[in-house]
Amino acid sequence: MNYLRSILLLSLAAAAYASDVKVIVNASVNAASISAAELKNIFLATSTSLDGSHVEPVLEKGGPVHEAFVKEYLGKTDAALQTYYRSLVFTGKASMPKELGSDADVVAYVAKTKGAIGYVSAGASAAGVKVLEVQ
Amino acid sequence: MLLPTKRLALLVALCVYPIAGLHAQLDFTIDGRQVQAHGFLSEGFALTNDNNYLTMNTTSGNFFTEAAFNVSSQITDKFRVGAQVYMRDIGHFGQWQPELDWAMGDYRFKSWFGVRAGKVKTTFGLYNDSQDMEFLQTWALLPQAIYAVDQRSSYIAHTGGDLYGSISPKKAGTFSYVLWAGKNPSDTNGGYAYALRTIGVDYTSYGGRSDGADLRWATPVSGFIVGASYMARDVVGNGTWAFYGTVAPVHEESHKEYLEQFYGQYIRGKFHADAEYRRYYRGIMVNYTMPVNDDDRCWYVSAAYRVHKRLELGTYYSYFDDVRAYTGLTASNPGSYVHDKVASARFDISSHVYFKLEGHFMSGYAEAALVRGFYTTDNPSGFSPLTNMLVMRAGYNF
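How each quantity is defined
Residues numbered from 1 in each chain as written. Chains lettered and ligands numbered in written order. Predicted model: local features only at pLDDT ≥ 70, side-chain atom pairs only at ≥ 80, totals over all residues. Helix = DSSP H or I, 4+ residues; strand = E, 2+ residues; numbered from the N terminus. Rg over C-alpha atoms; globule rule 2.2 N^0.38 Å. Buried ≥ 20, exposed ≤ 12 C-beta atoms within 10 Å, placed from the backbone. Core = buried A, V, L, I, M, F, W, Y, C linked by C-beta atoms within 7 Å. Contact = placed C-beta atoms within 7 Å. Nonpolar A, V, L, I, M, F, W, Y, C, P; charged D, E, K, R; others polar. pLDDT = per-residue confidence, 0-100. Pairing = 2+ DSSP bridges.

### Notes on the overall build of chain B
Move 1: For chain B, the helix and strand inventory stands at three helices and 17 strands.
Move 2: Whereas a compact globule of 398 residues would reach a radius of gyration of roughly 21 Å, chain B reaches 21 Å, a difference of no more than 12%.
Move 3: Per-residue burial over chain B gives 43% buried out of 398 residues.

What follows is the structure, given as structure tokens:
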């Protein structure tokens, strides 16, 4: 019984963790939702489009929202993600994604940049951007 | 253990640059287009108890250096250009001469199809294209069975092009492919040419065609990647051969030369493990009449764990073996193999500055022509079958 309770509590905790983050895109992006696999491919630079729209990932520079997003959707630590991006940059295979300091900065950048896709905390204002449902 | 002016200047820069807070990514704008600039500087020191290694005087302790600087710009949504200059001074390799590491245009039509053209880093196995960037690794030296420092220039890049892309079938992970064709740079300063000088052969050119493919599968198991690479080479070497007081022209060319590599990687949280296996078959014809064949088997397994935000510990075992019937060496002869057990610690002083401490315990020395770090020229009184080595590296990247 205790074992089942532990599993239930862990599941609830994981669900709460994922829902701490919402994914936002510039209004030019056609999609209304995104799969976890698509999200991972875009942020790992193996995909550059979503529903036919060109997309450009934007990161938060550290912080709990960034840590949660990277762990939950990319399956990496921040250090591993930085290593991954640097390996692409130093072999000429991609550029370093834009990094911004706060939710407000990310929302402002995504709002004004065609194709931009980012993530912010669930409670952040999403004025001027589109929130994608992650499936 | 000399510390020449260039090296001293680099060491000072390495210390001062991050302290001065100049560690932000360098972004600037040219004609309205954003340009990114990145670079790294890595200073190393190697000390062995016996046998000089990688053309350095390691028995007395020897410093070595690597550095690179790149710029790139996204011209349109789909088109990107960039270039990198690389420089190294590792024993006789590099000698501070800057070289164009890569310079290319990259047009990505779709996620599943893109084209790169110019001088392009060759995607082969997990780390061929990034092997110079040790700051990406736990290790001070990558497993030399596969990523041999002295063979770097032979495989690192090709002048030609790549076709590449990724597809993600539903719930089946992501498949990424690269197909390439081009010409390897002429490498008369690499380990092979260096080794041949011990028998009087001096190459004025050495290089040729290289075609290949890499296919990797990021499986549905998070962090687990498997892949395979293949490379066919058609290499030509020309120079002179001095023997018994005469100097004659020498020519070699591949009649059948290929590399195949299989690999796996698993990353979960703070844990990271790699395994790679390479077979290298090299059949060449010397002066149109003399066949020479090598058949190398190389592999390594590695594992690392980040025990603290600033400390990562790791270990690997690297295995290189080549028995060539024409040399008369048997499998048990230390001149046929190098087996290296390694323990490593990486200290991240910040996200851009690090220090590494690594111990190597090597058995065998794979005699000169096998190009695995041990050269007769640097060890004129012969080889010891065992070599212990301490490697330290400090570096900075932005």
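### Observations regarding the nonpolar core
Move 1: Residues Ala145 and Val338 of chain B are the most contacted members of the largest nonpolar core, which totals 43 residues.
Move 2: Those elements giving two or more residues to this core turn out to be β3 (62-74), α3 (191-197), β9 (201-218), β13 (290-308), β14 (311-321), β15 (337-348) and β17 (386-397) of chain B.
Move 3: Among the elements that make up this core, the one with the highest residue count is α3 of chain B (five residues).
Move 4: Setting aside residues no more than four positions away along its own chain, Ala145 of chain B makes contact with Cys298, Trp299, Tyr300, Ser318, Tyr319, Phe320 and Val338 of chain B.
Move 5: Listed in part, the 28 residues of the second largest apolar core include Ile24, Val70, Val107 and Val110 of chain A.

### Remarks on the interface of chain B and chain A
Move 1: Between chain B and chain A, the contact holds 31 residues from the first and 22 residues from the second.
Move 2: The biggest single contributor to the side of chain B that touches chain A is β3 of chain B, with four residues.
Move 3: The residue inventory of the side of chain B that touches chain A, partitioned by class, reads six nonpolar, 19 polar and six charged.

### A look at the confidence of the model for chain A
Move 1: Looking at chain A as a whole, its pLDDT mean stands at 87, while 86% of the residues score no less than 70.
Move 2: Note on residues 7-17 of chain A: pLDDT is under 50 here. Beyond four places in sequence and across chains, it has two contacts.

### Focus on the pairing of strand β8 (residues 130-134) of chain A
Residue and element names in this part refer to chain A.
Move 1: Looking at chain direction, strand β1 (residues 21-25) and β8 are connected through three bridges and run antiparallel. Residue pairing for β8: Val23 is matched across the bridge by Leu132.
Move 2: Alignment of strand β2 (residues 33-34) against β8, held across two bridges, turns out to be parallel. What sits directly across from Ser33, in β8, is Glu133.

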